[in-house]
Amino acid sequence: MKIKNRTLEDIILLLIIGQVVVFRFFNVYEIMNKVILVLTAMLLLINFIRGKKLKIGTKSEMLSIAIVVVLLLFNCFLYGCDGAFQSNMLMILYPLINVFYLTYYVKKHQEFFYKKMIQMKYLINIYFVINIIVMFIQLQGTYFLVGVVTQENTMYEDLISGLLGYSMVAAVCYFSVFVIAYNIVLSYTIKNRLRRKVFIAYTVILIGIMAYISIQNDNVQYFPFVLLALLIIMLSRNRLNTVSGLQKVLLIVLICMLAVMFALGLVPGFYELLNDSVLYKFTGSLEHMYDGSSVTHGSMERLALVVYGLTYAGGWALGKGFSYAGVYTPYTFGFVHFGNANIGAFICLGGVWLYLAIIYLYSKKIVNMIEFNDHTNRKLFYRIMVCTFLVAAS
């Protein structure tokens, strides 16, 4: 039976989407990673047999791939390529394949993809609202639909992740920010003014609801991520090479800052709540960054792990080696939540240069996928995308 490229491409895309909305909940995402890998290899083979060229990336992307491969080979040569090394390589490979494939698919079927994304507005938002309802039920301590698990997590806040899977608060952050950004961009396609205003109001309410839930389930990444997303959208809608456009962006940022300051002074106890639930997670990280493995709070452990890796684990070179331990193995180097932050784990095991090369690769792929208008600043977008991935990996 002849396999059509488009059919196989669509199947792979659906499986990648399924990793977010279905497979993690049922704890079969590791199996599906292997299925996606095999199908992607089949697609490459079919294109090769049929004589079709499949461009992997630009010259700069190919250079970054070469740097990542060379650093991993050095890591293997110096520290060994045992079971831990192999499992860590798969952990690096799977998301890279997904990003490469998604950017390839969007570039190849751009018009179809954008039309389909607009058509799916009701499905995406209904699924998101259902997740919010489930999370509000989970906030009551009910263990309602927390997902299938093989290793239990005793911190209940981590289980408040809707239908996105067991202990998948990080996925809640990324998915909620995606829906918010998606809705804002989608609002520009709504011609009826009243419907557009209602849709924007609904999106603003979503931002507030997710802020409340993020405070309750210790999802502090949501706050810098949603701000980055809003910044990217504002920059894409304004002519930054003109004074008026820059002033407009700065004015919006200033208004937001003043609104937060006004709320802090007006609402009794709001500052204390915000500080205890969100701000202290960031200031505490700075306070305890040199305390090493004695820091046991998951959010504050992130920066301490980075400092430890650079100071004691050879982070300025190639780290301790990916054969030393798994990236997500708790208590590595004495850190209770080792692997909770990818940046610290990567620096400890693979060095800071490998980490930066991977961040560069992700950022380049995403930026090169975007169709820029004449008034947008491609270099600025690239810098913002680097910051976004740095926040995501932290």
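As the structure is a prediction and not an experimental result, all values here were calculated from the model.

**Considering the state of the cysteines**
A covalent bond between the sulfur atoms of two cysteines is referred to as a disulfide. In total, this model carries one disulfide according to the counting rule given. Here C76 pairs with C81 through a disulfide, and the sulfurs are 1.3 Å apart. Taking the sign of the torsion about the S-S bond as the criterion, the disulfide between C76 and C81, at about 70 degrees, is right-handed. Overall, the relative accessible area of 19% leaves C76 in the buried class.

**What to know about the nonpolar core**
Counting residues in hydrophobic clusters, the biggest one holds 56 residues, and the most contacted among them are I12, Y101, F128, I132, M135, M210 and Y222. The dominant element in this core, judged by the number of residues it contributes, is helix α7 (residues 169-187), at 11 residues. With 36 residues, the next largest nonpolar core counts V306, F346, Y355 and I359 among its residues.

**Comments concerning the side chain of H109**
Structurally, H109 is set in the loop between α4 (83-108) and α5 (110-119). In terms of polar contacts, H109 uses its side chain to reach the side chain of E9, at 2.7 Å.

**Focus on the packing of helix α6 (residues 121-138) against helix α8 (residues 193-216)**
Contact geometry for α6 and α8: axes closest at 12 Å, N-to-C directions at 30 degrees. Classified by chirality, the crossing of α8 by α6 is left-handed. Between α6, through Y122, N125, F128, V129, I132, M135 and F136, and α8, the contact on the second element is made entirely by R195, F199, Y202, L206, I209, M210, Y212 and I213.

**A few points about the confidence of the model for the protein**
Summarising the model, the protein shows a mean pLDDT of 75, and 72% of its residues fall at 70 or more. Low pLDDT, under 50, characterises residues 240-244; the predicted model gives this stretch five contacts beyond four residues in sequence or across chains.

**Focus: the pattern of salt bridges**
This model, assessed by the stated rule, comprises two salt bridges. Among the ionic pairs, K108 bridges to E9, the shortest N-O distance being 2.8 Å. One end of the pair, K108, is in helix α4; the other, E9, is in helix α1 (residues 5-23), with 99 residues separating them in the sequence. Judged by its relative accessible area of 44%, K108 falls in the partly exposed class. Accessibility expressed as a relative area gives 0% for E9, which makes it buried. The salt bridge partner of E111 is K115, with a shortest N-O separation of 3.3 Å.

**So, a nonpolar patch on the surface**
Together, V70, F74, F77, L78 and Y79 make up an exposed nonpolar region whose accessible area comes to about 540 Å². Along the chain, V70 turns up in helix α3 (residues 59-79).

**Quick word on the packing of aromatic side chains**
Per the counting criterion, the structure on display carries 13 aromatic pairs. Between the aromatic rings of F175 and F178, the centroid separation amounts to 6.1 Å while the plane-to-plane angle is 40 degrees, which identifies the pairing as tilted. Of this pair, F175 and F178 are both found in helix α7, three residues apart, which corresponds to roughly one turn of the helix. An aromatic cluster of at least three residues, connected via ring pairs, comprises Y127, F128, F175, F178 and Y182. We note R24 situated over the ring of Y29; from NZ or CZ to the ring centre the distance is 4.2 Å.

**Considering α5**
Every buried residue of α5 is listed here: Q110, F113 and M117. Within α5, the buried residues cover an arc of 65 degrees as seen down the axis, which keeps them to one side. Facing away from the buried side of α5 by more than 90 degrees, the exposed set consists of E111 and Q119.

**Observations concerning the packing of α4 against α5**
Axis separation between α4 and α5 bottoms out at 5 Å; the angle between their running directions is 100 degrees. Our classification of the angle between α4 and α5 gives roughly perpendicular. Between α4 and α5, the contacting residues are Y105, V106, K107 and K108 on the first element and Q110, F112, F113 and Y114 on the second. Per-class residue counts for the contact of α4 with α5 are five nonpolar, one polar and two charged.

**Section: α7**
For α7, with 19 residues, the first-to-last C-alpha span of 27 Å sits near the 27 Å given by 1.5 Å per residue. Counting buried positions along α7 yields 15 of 19 residues, so the element is predominantly enclosed.

**Let's talk about unusual backbone geometry**
Notably, N27 is not glycine yet its phi reads approximately 60 degrees, a positive angle. Among the structural elements, N27 can be located in the loop between α1 and α2 (29-49).

Conventions used here
Every chain's residues receive numbers from 1 upward, in the order its sequence appears when written. Whole-chain, interface and lining totals are the exception, using all residues; otherwise, since this is a predicted model, local features are given only for residues with pLDDT of at least 70 and side-chain atom pairs are given and counted only at 80 or more. The side-chain values count all of the structure's non-hydrogen atoms but skip hydrogen atoms and water molecules. We call a pair of cysteine sulfur atoms a disulfide whenever their separation is within 2.5 Å. Only protein chains enter the calculation, and the probe is 1.4 Å; a residue is then buried if its accessible area is under 20% of its type maximum, exposed if over 50%, and partly exposed in between. As used in this record, nonpolar core signifies buried Ala, Val, Leu, Ile, Met, Phe, Trp, Tyr and Cys residues forming a set joined through side-chain atoms within 4.5 Å. Helix and strand definitions here come from DSSP, where helices need a minimum of 4 consecutive H or I residues and strands a minimum of 2 consecutive E residues; each element is numbered from the N-terminal end. Here a polar contact means two N or O atoms within 3.5 Å. Within protein one must be a hydrogen donor candidate and the other an acceptor candidate, and residues neighboring in sequence count only if both atoms are side-chain atoms. What counts as an axis is a line fitted to C-alpha atoms, over the stretch in contact for a helix, and the angles between N-to-C directions run from 0 to 180 degrees. Crossing handedness follows the turn of the near helix against the far one: under a right angle anticlockwise gives a left-handed crossing, and clockwise gives a right-handed one. We call two residues in contact when some of their heavy atoms are within 4.5 Å. pLDDT expresses, on a scale from 0 to 100, how confident the predictor is about each individual residue. A pairing counts as a salt bridge when a side-chain nitrogen of Lys or Arg comes within 4 Å of a carboxyl oxygen of Asp or Glu. Patches here: salt-bridge-free residues with over 30% relative accessible area, like charges joined within 9 Å, nonpolar side chains (Val, Leu, Ile, Met, Phe, Trp, Tyr) joined within 5 Å. Accessible surface is estimated by sampling points in the Shrake-Rupley manner with a 1.4 Å probe; for residues, cover comes only from the protein chains shown. Working definition: a ring pair exists when centres of Phe, Tyr or Trp rings (six-membered ring for Trp) sit within 6.5 Å. Plane angles under 30 degrees give stacked, over 60 give edge-to-face, the rest tilted. A ring is considered to have a charge above it if a Lys NZ or an Arg CZ atom is located within 6 Å of its centre and within 35 degrees of its normal. What the arc describes is the spread of directions from the helix axis to the C-beta atoms. Roughly parallel covers angles under 35 degrees, roughly antiparallel covers those over 145, roughly perpendicular covers 65 to 115, and oblique covers all other angles. Think of it as three bins: nonpolar holds Ala, Val, Leu, Ile, Met, Phe, Trp, Tyr, Cys and Pro, charged holds Asp, Glu, Lys and Arg, and polar takes everything else, Gly as well. The span you would expect from a helix comes to 1.5 Å times its residue count less one.

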